[in-house]
Amino acid sequence: MLDWPTVAIRLALYLVLAALFGLSAFSLYGLRLGERDDAIALRPWLTASAALGLLLSAAGLILMASAMAGSPFWPIDQAAAAALLGGSAVGTAWKVRMVALVIAGGAALLARGRASWLAMAMIAAAAALATLAWNGHGAASEGSTGWLHLTADILHLLAAGLWVGALFGLLLLMARRAEEIDAAHLRLTHRALHGFGSVGTLVVVTLVVTGLINSWLLVGPTNFMALGTTLYGLLLLAKLALFAGMLGLASLNRFRLTPAFERSIAMNDHGGALTALRVSLAVETACVIGILALVAWLGTLAPPASGM
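Predicted model, so just to flag it, every value in this text is computed and none were measured.

K.L.:
Looking at this structure, I do not really get empty space enclosed by the protein. What am I missing?
P.N.:
Any empty space left between atoms is shown by rolling a water-sized probe over those atoms. What the rule picks out here adds up to two cavities of 30 Å³ or more. Approximately 40 Å³ is the volume attributed to the largest cavity. Around the largest cavity, the lining residues are R10, L13, Y14, L132 and N135. Looking at the lining of the largest cavity residue by residue, the classes come out as three nonpolar, one polar and one charged.

Spelled out as C-alpha cells, the structure:
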C-alpha cells in the first residue's frame, strides 16, 4: 500500500533542499555580484527554501516517529520522536540537517549577493541535502559496501541538486515580462545558459556513475532482466526513461536552442528563441519533478537485492 504522506514529504524535501543548494551554487557560477539579487530576487528564494526545509523536516520526523510507534500522526508521540533522535543515524542526520538549514538561511539572509556568504549558504545547503541519504536505502548497507553506497547516494543527491537549482535559476531569469527584458538581461541569460554547460557535463557524469553503482547494489546483477515484473523495477525503469528524456532536452538546449538564442539576440529578434527555451526548460523541470517523485516512492519500497 502506498504511503502517500511519506512519499509527499520525501518529494517536497528533495525539491526544496535541491533547489536551495542548486540555486545558491547557480548564483555563484552563473551570475555576477550585481546580478544575483536584481536578476532573480535570490535572497527571498533562498531564505524561503531554508524555512520551508525546516518545516518539512519537522513534519518528516513526526511521520517517522508515528510509523515507528504505530501511533497516529497527531498528537505527536514524544517518546518515539525522542528515541528516533537519540538512538539512530537517521535522527543524527535530522539534527545535522536542521542546524545546516538554519546556517544556510542565515547566510542567505546576510548575503546581499556577496560570494562569501553565498558560498556559506551553498555549503550548508549541501550538508542539508546530503543528510537525505540517511532516509533512503544507501544507509542500510554495512561495511565497505555501505560506505560506497552512502557516498554514491550523497554524490547523486548533490549532482541532482545542481541540476534542479540551475533549471530553477534559468526559469526565474526567463520569467520576466516582455517589457522588463532588455538587452543586458538577454545577455545575462545567455551567459547563464552557457555557463551551465560545463557544470552540466560534470553533473551528468556524476549522475550516471553513481546511478550505476546504486542500481548494482540495490537491484543486483541477477535481477536486471526481471525489472519489469516488480513494482520497484517498473518505477526504476520509468525513472530511467525520464532521465533519458532530460538528457535529450539538455542536449537540445545546449547545442541547438542556446546558440539560436545567441543569434536572435544579435539580430534583436529574440521572442521565438526565448519562448522555445522556456518551453524546453519547463518540460525538463517537469521531468525532474517526475524523477524525484519516483525516487521518493522507491525509497519506501524494498529493492530486489534485499530479497524482501
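K.L.:
Looking at this model, I keep getting lost on the UniProt feature "transmembrane region" (unreviewed entry) in the protein chain. Mind explaining?
P.N.:
This chain's UniProt record puts "transmembrane region" (unreviewed entry) on residues 12–33, 45–67, 79–103, 115–134, 154–175, 196–219, 231–252 and 273–298. Its end C-alpha atoms 30 Å apart, residues 115–134 is made of 80% helix and 0% strand. In residues 196–219, the share of helix is 100% and the share of strand is 0%. The end C-alpha atoms are 32 Å apart.

K.L.:
Just checking my understanding: could you explain the packing of aromatic side chains for this structure?
P.N.:
Aromatic ring pairs are reported here in terms of the distance separating the ring centres and the angle at which the planes meet. One pass over the structure, following the stated rule, counts three aromatic pairs. Seen in terms of ring centroids, W163 and F243 are 6.2 Å apart; in terms of plane orientation they differ by 70°. Their pairing is edge-to-face. Taken together, the residues W163 in helix α6 (residues 143–174) and F243 in helix α8 (residues 231–266) connect sequence positions 80 residues apart.

K.L.:
Please clarify how helix α5 (residues 115–130) should be interpreted in this entry.
P.N.:
The α-helix winds at 3.6 residues per turn, so residues separated by three or four positions along the chain end up facing the same way. The terminal C-alpha atoms of α5, which comprises 16 residues, lie 22 Å apart, in line with the 22 Å expected from a rise of 1.5 Å per residue. If you check which residues of α5 are buried, you get L118, A121, A124, A125, A126, A128, L129 and A130.

K.L.:
Teacher, can you tell me more about α8 here?
P.N.:
End to end, α8 covers 51 Å across 36 residues, agreeing with the expected 52 Å (1.5 Å per residue, within 8%). Of all bends in α8, the biggest is about 40°, found at N253.

K.L.:
Got a minute to help me understand the layout of surface pockets in this structure?
P.N.:
Put simply, the largest pocket is a space of about 840 Å³. Surrounding the largest pocket, 36 residues form its lining, H156, G211, N214, K239 and V295 being those nearest its centre. When residues in the lining of the largest pocket are grouped by element, the largest group, eight residues, is from helix α7 (residues 183–219). Looking at the lining of the largest pocket residue by residue, the class counts come to 26 nonpolar, seven polar and three charged. Both domain 1 (1–135) and domain 2 (144–307) contribute no fewer than three residues apiece to the lining of the largest pocket. Considered as a void within the structure, the second largest pocket measures approximately 480 Å³ in volume. Lining the second largest pocket are 22 residues; nearest its centre among them are T6, R10, M64, N135 and T300. Here the residues of the lining of the second largest pocket are counted per class, giving ten nonpolar, nine polar and three charged. In terms of domain composition, the lining of the second largest pocket takes at least three residues from each of domain 1 (1–135) and domain 2 (144–307).

What counts, and at which threshold
- Residues numbered from 1 in each chain as written.
- Predicted model: local features only at pLDDT ≥ 70, side-chain atom pairs only at ≥ 80, totals over all residues.
- Heavy atoms only, no water.
- 1 Å grid on protein atoms, 1.4 Å probe; cavity = no way out; pocket = protein on both sides within 12 Å on 5 of 7 lines; lining within 4 Å.
- Points joined across faces, edges and corners; volume = space filled by probe spheres on them.
- Nonpolar A, V, L, I, M, F, W, Y, C, P; charged D, E, K, R; others polar.
- UniProt positions renumbered as here; feature names shortened; annotations may be inferred.
- Helix = DSSP H or I, 4+ residues; strand = E, 2+ residues; numbered from the N terminus.
- Phe/Tyr/Trp six-rings, centres within 6.5 Å; stacked < 30°, edge-to-face > 60°.
- Expected span 1.5 Å × (residues − 1).
- Buried < 20%, exposed > 50% of the residue type's maximum accessible area, 1.4 Å probe, protein only.
- Bend = angle between axes of the 7 residues up to and from the residue.
- Domains from an automatic or database assignment.

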